[in-house]
Amino acid sequence: THLIIASICMIDFYFIILVSVFLIQLFIIFFFFFQAEDGIRDAQESRGLGDVYKRQQRALAGHGMEDRADVSAALRDVRLVITEGEDQQPVSGLAVAQFNRANAISQLLSSTETGLSDAKALYLQTLDTESQVADLATDPLAAKVHAALCSICQAGNEFDEALEHAQKAVDIDVALADDSHHQLAMSLNALATCYAHVGQDEQSAVEYERAVEEYRVVLANPQNGDESHYASEGLSMALSNRGMVLAKLKRLEEAKSMFEESVSQRESGMGRGHESTLRTLRHLLQVYELLGDQEAADRTEAKLAGIENELAEDQQVLEAANAGHLMADRLEPKAP
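Note that the structure is a prediction, hence the values are computed from the model and not measured.

*Asks:* Could you clarify how one ought to interpret the nonpolar core in this entry?
*Replies:* Soluble, globular proteins show a tendency: their nonpolar side chains are buried together. Core analysis: the biggest nonpolar cluster contains 45 residues, and Leu191, Cys194, Tyr215, Ala255 and Phe259 have the highest contact counts within it. Broken down by secondary-structure element, the contributors of at least two residues to this core are helix 8 (140-155), helix 9 (159-175), helix 10 (181-197), helix 11 (201-220), helix 12 (226-248), helix 13 (252-269), helix 14 (275-291) and helix 15 (294-331). Among the elements that take part in this core, helix 12 stands out by supplying 9 residues, more than any other. Residues contacting tyrosine 215, with those up to four places away along its chain left out, are His182, Ala185, Met186, Ala231, Gly234, Leu235, Met237 and Ala238. Counting residues in hydrophobic clusters, the runner-up holds 19 residues, among them Ile105, Leu116, Ala119 and Ala143.

Structure representation (C-alpha cells):
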C-alpha cells in the first residue's frame, strides 16, 4: 500500500513538474513579447514628439540670446515678432526665447522632478505668450510646444495629459499638412504611443497605421531630399511599433507583416547588426513562434545567431587591435 501511494505521489509530482515547465515556457514567450509595449514607450523606439521635433526643428531665434543684455529687453517685449518667411505667420520673440529656454532645461534636467516641472511650466508659458500674436490652431511653434509637452508628460508618467498634447500637435500638423507630411507622421506616431500608454490599443493601432501612411507619402516624393532619410527611419519605427500593438491584440498575421517590413527597412537603412534591427528581428521570431511557423522561426533564430556571432568576432578583433596599439605604445622607446 505504501509503495502504491508513493508511486501515485511520484506520478503526481512529475505531472506537476511538466505542467509547471510548460506554463513557465508559455509565460516567457508572452512576457518577453508583450514587454514590447515598454519598447513603444522607449525613447529610442518611439522617440516621442518632443525628441523628434527637437532634432528636426530649425532655429527660429534665441538659443540663449535672451541672456544677453542687449537683446533681453527686446525679447521680453511680446510685440517683437519673428517670421520664418513671407508665407509664414509671425511668432513672438519672447515665446521663442521661452521655448528655447524650456528645451535647455528639459535636455539638461529632465532626469529630475524639478527640471521636468520647470520645463513644463515654461512650455505652457510659451503657449500663452504665443497666443497673443498668433492663432495657435495653425501655429508651427505651438505644434512644437505641444510636442515637447507630450514628451515631458510621458517622462513624468502623466499619460492622459500627454495624450491631450499629442492630439493637439496632430490637429495643428493636419492643418499644416501641405507644408510637411513628415511632421504629421511624427505627431501621429507619438499620438499612437500615447494611446498605447493608456491602454487603448485598438486606437493606437489605427494611429500607427496613419503614421505609416504619412511616412510613405514623404518617401514617395523625390523632392524631399534629406527628409526622406529621416522618414525612412521613422517608417521602420512606426511599422515596428504597430507590430507590437497588433501582437498584443493577438492580430499576429498583421503583426508579422509589420515586423517583416520593418526588418527590411532597418537592414537597408541601419544595417544588420544595428540594435534596432536586432530588436525587431527578435519580435519577428516571437511572432513566428506564436503562429506555430517553426520553419520561419528556426530560420530567423539562425539569422540572429549569425549576426550576433559576427558582432562578437568584430568586437574581439577591435579589442585585439586596441591591445596591440597599447602594447606598441608601451614598448616604443621614449626620449630621455
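*Asks:* Got a minute to help me understand the packing of helix 7 (residues 113-130) against helix 8 in this structure?
*Replies:* Between two packed helices, both the angle of their axes relative to each other and the distance between the axes serve to describe the pair. Two numbers describe how helix 7 lies on helix 8: the axes approach to 10 Å, and their chain directions differ by 160°. One finds that helix 7 runs roughly antiparallel with respect to helix 8. As for how helix 7 packs across helix 8, the hand of that crossing is left-handed. The residues of helix 8 that touch helix 7, namely those facing Leu116, Ala119, Lys120, Tyr123, Leu124, Thr126, Leu127 and Glu130, are Leu141, Ala142, Val145, His146, Ala148, Leu149, Ile152, Cys153 and Ala155.

*Asks:* What is the right way to read the side chain of serine 262 from this model?
*Replies:* Inspection of the secondary structure puts serine 262 in helix 13. Reaching out from serine 262, the side chain makes a polar contact with the backbone oxygen of serine 236 at a distance of 2.8 Å. Once residues within four sequence positions are removed from consideration, serine 262 is found in contact with Ser236, Leu239, Ser240 and Thr280.

*Asks:* How should I be thinking about unusual backbone geometry in this particular structure?
*Replies:* Glycine aside, a negative phi is what most residues show, and trans is what most peptide bonds show. Even without a glycine there, the phi angle at asparagine 157 is positive, about 60°. Within the secondary structure, asparagine 157 sits in the loop between helix 8 and helix 9. Residue class for asparagine 157 comes out exposed when judged on its relative accessible area of 57%. Backbone geometry at lysine 250 places phi at a positive 70°, although glycine is not the residue there. Note that lysine 250 resides in the loop between helix 12 and helix 13.

*Asks:* Mind showing me how you'd approach the confidence of the model for the chain here?
*Replies:* The predicted coordinates ought not to be read in detail in places where the model reports low pLDDT. When the pLDDT values of the chain are averaged, the result is 76; 65% of them are 70 or greater. Contacts for the low-pLDDT stretch residues 26-80, under 50 throughout, to residues beyond four places or in other chains number 112 contacts.

*Asks:* Where do I start with the side chain of histidine 146 in this structure?
*Replies:* Inspection of the secondary structure puts histidine 146 in helix 8. Taking the relative accessible area as the measure of exposure, histidine 146 reaches 7% and is therefore buried. A distance of 3.1 Å separates polar atoms of two side chains, one belonging to histidine 146 and the other to histidine 165. Setting aside anything within four residues of it in sequence, one finds histidine 146 in contact with Leu127, His165, Lys168, Ala169 and Ile172.

*Asks:* Looking at this structure, how should I read the pattern of salt bridges?
*Replies:* A side chain with one charge may pair with a side chain of the opposite charge, provided their charged atoms come close. Counted by the stated rule, this structure contains 14 salt bridges. Linked through salt bridges whose partners overlap, the residues forming this network are Lys120, Glu158 and Glu161.

*Asks:* It is not clear to me how the environment of alanine 166 should be interpreted in this structure. Could you clarify?
*Replies:* Looking at where alanine 166 falls in the secondary structure, it is placed in helix 9. Between the C-alpha atom of alanine 166 and that of leucine 191, which follows or precedes it by 25 residues, the distance is 5.1 Å.

*Asks:* Explanation requested: the state of the cysteines in the structure shown.
*Replies:* Under the defined criterion, the tally for this structure stands at 0 disulfides. Free of any disulfide, cysteine 150 has its nearest cysteine sulfur in cysteine 194, 3.6 Å distant. On the basis of relative accessibility, which here comes to 0%, the residue cysteine 194 falls in the buried class.

Conventions we followed
By convention here, each chain's residues receive numbers from 1 onward along its written sequence. Reporting of local features is limited, given that this is a predicted model, to residues whose pLDDT is at least 70; pairs of side-chain atoms are given and counted only at 80 or more, and all residues count toward the totals for whole chains, interfaces and linings. Side-chain numbers here rest on the full set of heavy atoms in the structure, without hydrogens or water. Put simply, buried Ala, Val, Leu, Ile, Met, Phe, Trp, Tyr and Cys residues joined by side-chain atoms within 4.5 Å make one nonpolar core. Here's how the labels work: a residue is buried when its accessible area is under 20% of the maximum for its type, exposed when over 50%, partly exposed in between, all with a 1.4 Å probe on protein chains only. Helix and strand definitions follow DSSP, with helices as H or I runs of at least four residues and strands as E runs of at least two, each counted in order from the N terminus. Contacts are assigned to residue pairs with any non-hydrogen atoms lying within 4.5 Å of each other. Note on definitions: angles span 0 to 180 degrees between N-to-C directions of axes, and those axes are lines fitted to C-alpha atoms, for helices only across the stretch in contact. An angle below 35 degrees is treated as roughly parallel, one above 145 as roughly antiparallel, one from 65 to 115 as roughly perpendicular, and anything else as oblique. Here is the rule for handedness: rotate from the far helix to the near one, and if that takes an anticlockwise turn smaller than a right angle the crossing is left-handed, while a clockwise turn gives right-handed. The term polar contact refers here to a pair of N or O atoms within 3.5 Å; inside protein, the definition further demands a hydrogen-donor-capable atom paired with an acceptor-capable atom, and it admits residues adjacent in sequence only when both atoms are side-chain atoms. Scored from 0 to 100, pLDDT reflects the predictor's confidence in each residue. Here, a salt bridge means any side-chain nitrogen of Lys or Arg that lies within 4 Å of a carboxyl oxygen of Asp or Glu. Only a pair of cysteine sulfur atoms within 2.5 Å counts as a disulfide in this structure description.

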